[in-house]
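# Coordinate analysis (summary)
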Amino acid sequence: MKIREKIDKALFWSLVVLMSLMVLNVLWQVASRYVMNSPSSFTDELARFILIWVGLLGASYVTGKKMHLAIDILPSKMHGRKARNLSIFTNVVVAAFAFLVLVWGGIKLVYITLKLEQTSAALNIPLGYVYTVLPLSGLLIVYYSLVNLRRQGEEPEEIGKELA
């Protein structure tokens, strides 16, 4: 699974870089406002855009690690074939949602905002570039969901070794 490991590593380090940028950006915002008494005009908008990217890419990352937020009352009471079927159903629904809403809807949103030449107020960058995280994270979630589906037949010990 070398491809998956490369995607995991690239996604992890992208999230580390984005979080670091957000921390530095917010620190600059606070310093410029309270120390220099001259608030920076772009930091608020940049923090919002980075937060969008961190949230969506983070959702992709935790989908791949099977650490996403879940209500596990039903799965914890199931065993064997029923638990496997529920897991298959869940992965199929997640993949379908990610494809329809994030990939397909995201591509349409990116296209429309680029076509209309919408730009952000403070940074003056095309909003289509900000929204590219929607189809990107959607593709990653679909990929991870399909990998999780393929791994349904593997033993839990094998899966645990690979995730560690």
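As shown above, the structure is provided for reference.
Presented here is an overview of the structure given in this document. (Residues numbered from 1 in each chain as written. Predicted model: local features only at pLDDT ≥ 70, side-chain atom pairs only at ≥ 80, totals over all residues. Heavy atoms only, no water.)

### Quick look at the overall build of the protein
Broken down by element type, the protein carries 7 helices and 0 strands. Along the protein, helices (α) and strands (β) appear in the sequence α-α-α-α-α-α-α when read from the amino end. For the protein, the C-alpha radius of gyration of 19 Å lies well beyond 15 Å, the compact-globule estimate for 164 residues. The principal-axis extent of the C-alpha atoms belonging to the protein is close to 60 × 35 × 35 Å. Looking at the protein residue by residue over its 164 residues, the buried ones come to 29%. Sequence-distant contacts, at least 24 apart, represent 73% of the contacts inside the protein between residues at least 6 apart. Roughly 10,900 Å² of accessible area belongs to the protein as shown, and the carbon and sulfur atoms make up 69% of that amount. (Helix = DSSP H or I, 4+ residues; strand = E, 2+ residues; numbered from the N terminus. Rg over C-alpha atoms; globule rule 2.2 N^0.38 Å. Buried < 20%, exposed > 50% of the residue type's maximum accessible area, 1.4 Å probe, protein only. Contact = heavy atoms within 4.5 Å. Areas by Shrake-Rupley, 256 points an atom, 1.4 Å probe, with all protein chains shown as cover.)

### Brief notes about unusual backbone geometry
With phi around 55 degrees, asparagine 37 is a residue other than glycine that occupies positive phi space. Exposure remark for asparagine 37: the relative accessible area of 64% places this residue in the exposed category. A positive phi is found at lysine 66, a non-glycine position, where the angle reads about 55 degrees. Its location among the elements puts lysine 66 in the loop between α2 (43-64) and α3 (73-77). On the accessibility criterion, lysine 66 (40% relative accessible area) is partly exposed.

### Quick word on the layout of surface pockets
Each pocket or cavity is described by its volume, and for the largest pocket that value is around 430 Å³. Around the largest pocket sit 17 residues that line it, and His68, Ala70, Pro75, Ser87 and Thr90 are the ones nearest its centre. Counting only elements with at least two residues in the lining of the largest pocket, the list comes to α4 (80-115) and α6 (133-150). No other element matches α4, which puts 6 residues into the lining of the largest pocket. Classifying every residue of the lining of the largest pocket by side-chain character gives 8 nonpolar, 7 polar and 2 charged. (1 Å grid on protein atoms, 1.4 Å probe; cavity = no way out; pocket = protein on both sides within 12 Å on 5 of 7 lines; lining within 4 Å. Points joined across faces, edges and corners; volume = space filled by probe spheres on them. Nonpolar A, V, L, I, M, F, W, Y, C, P; charged D, E, K, R; others polar.)

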